[in-house]
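Chain by chain, the residues run as shown.
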Amino acid sequence: MQFAFDPIPTPSLAIQGSDLRYPVRRIFCVGRNYADHALEMGGDPNREPPFFFTKPADAILESGSEMTYPKLTEKLHHELELVIAIGKGGDNISKDKAREHIFGYAIGIDMTRRDLQDEAKQTRRPWDSGKAFDQSAPCGPITPADQLAHPDDLQISLTVNGDVRQSSSTNRLIWTIDEIIEHLSHSFTLAPGDLIYSGTPAGVGPLVPGDHVVATAEGLETLEITITG
Ligand code: MN
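Presented here is an overview of the structure given in this document. (Residues numbered from 1 in each chain as written. Predicted model: local features only at pLDDT ≥ 70, side-chain atom pairs only at ≥ 80, totals over all residues. Heavy atoms only, no water.)

1. Some thoughts on the packing of aromatic side chains
Here is the rule we go by: Any pair of Phe, Tyr and Trp rings, taking the six-membered ring for Trp, is counted once the centres come within 6.5 Å. Such a pair is stacked with planes under 30 degrees apart, edge-to-face with planes over 60 apart, and tilted for the rest. Strands are runs of DSSP state E lasting at least two residues, helices are runs of H or I lasting at least four, and both sets are numbered from the N terminus onward. Both a distance and an angle decide whether a charge sits over a ring: NZ of Lys or CZ of Arg must be within 6 Å of the ring centre and within 35 degrees of the ring normal.
Scanning all chains against the criterion turns up four aromatic pairs. With a centroid separation of 5.7 Å and an interplanar angle of 85°, the aromatic rings of Phe51 and Trp127 are classed as edge-to-face. With Phe51 in the loop between helix H1 (35-40) and strand S4 (52-55) and Trp127 in the loop between helix H2 (114-123) and helix H3 (128-131), the pair connects residues that are 76 residues apart, well separated along the chain. Among the aromatic residues, those joined into a cluster by ring pairs are Phe51, Phe53 and Trp127. A cation sits over an aromatic face here: Lys55 above Phe133, 5.9 Å from the ring centre.

Encoded structure:
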């Protein structure tokens, strides 16, 4: 088989302690999964079933990269999130079997063109323009699951130019890691290479060219991104 032009290289992430790379297939994101963030967005922090949106796999941006301030927005926002990397596919996965499907974890940022997302909400249009743009999924290296002791009680934080903007723990997720996988796998057949951004705590806010953004989580490799004009 010959392609009419070269297909894009498979998007991938580094794996801590390995020369192998993690090939990214799809990027799923959970909406509104911390009560304090649901409140800051004017929502209701109850346990309504989780909802999901997606980004293209090549929206991945590795640590150490520069992110070009995106087009068409005046309100680029950071959303700090624990990322779950799927290693074994399946559907209708029950929460007590969910861990068997996890390859590892990383810290990531769900970059958002908030003005375009707000407009989409108001006009009841899809969120793609607000969420699924180029370079919208910075993600740190993946730490294999067996090297992370407590993914359900992980301190996560994000600083911009050294100032703490977001700080929380994954023990405050409305839907736990296992429940996210259970819900998502009832809607999609999960496959190795699928990443799941698990939702952001409060403190989302604007980024401008020149900002140096650092996302950390206990036991995970750091993610650092610089915004350029
Ligand atoms: Mn998010």
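Back to the write-up after that little detour.
2. Quick notes on the pairing of strand S14 (residues 163-169)
Our working rule: A pair of strands is treated as paired once DSSP finds two or more bridges between them.
Where strand S13 (residues 155-160) lies against S14, six bridges are found, and the strand directions are antiparallel. Residue Ser157 lies in a different strand from S14, and its bridge partner there is Ser167.

3. Quick word on helix H4 (residues 177-187)
Under the convention used in this document: Buried residues are those whose accessible area, probed at 1.4 Å on protein chains only, stays under 20% of the maximum for their type, while exposed residues exceed 50% and partly exposed ones sit between those limits. Here a residue-residue contact requires only that any non-hydrogen atoms of the pair lie within 4.5 Å.
Among the residues of H4, those classed as buried are Ile177, Asp178, Glu179, Ile180, Ile181, Leu184 and Ser185. Structurally, H4 contributes buried residues whose contacts are with strand S3 (26-30), S4, strand S8 (80-86), strand S9 (102-109) and strand S15 (194-197).

4. A short note on the pairing of S9
In terms of burial, S9 is largely enclosed, as seven of its eight residues are buried. In this structure, S8 lies alongside S9, joined through seven bridges in antiparallel fashion. For Ala85, the partnering residue across the bridge sits in S9 and is Gly104.

5. Re the nonpolar core
Put simply, the rule is: Think of a nonpolar core as a cluster: buried Ala, Val, Leu, Ile, Met, Phe, Trp, Tyr and Cys residues, connected wherever their side-chain atoms sit within 4.5 Å.
Membership of the largest hydrophobic core comes to 41 residues, with the highest contact counts inside it found for Ile181 and Ile196. Not counting chain neighbours up to four residues away, the residues in contact with Ile196 comprise Phe28, Val30, Leu82, Val83, Ile84, Ile86, Ile180, Ile181 and Leu184. Counting 18 residues, the second largest nonpolar core, distinct from the first, contains Ile27, Cys29, Ile60 and Leu195.

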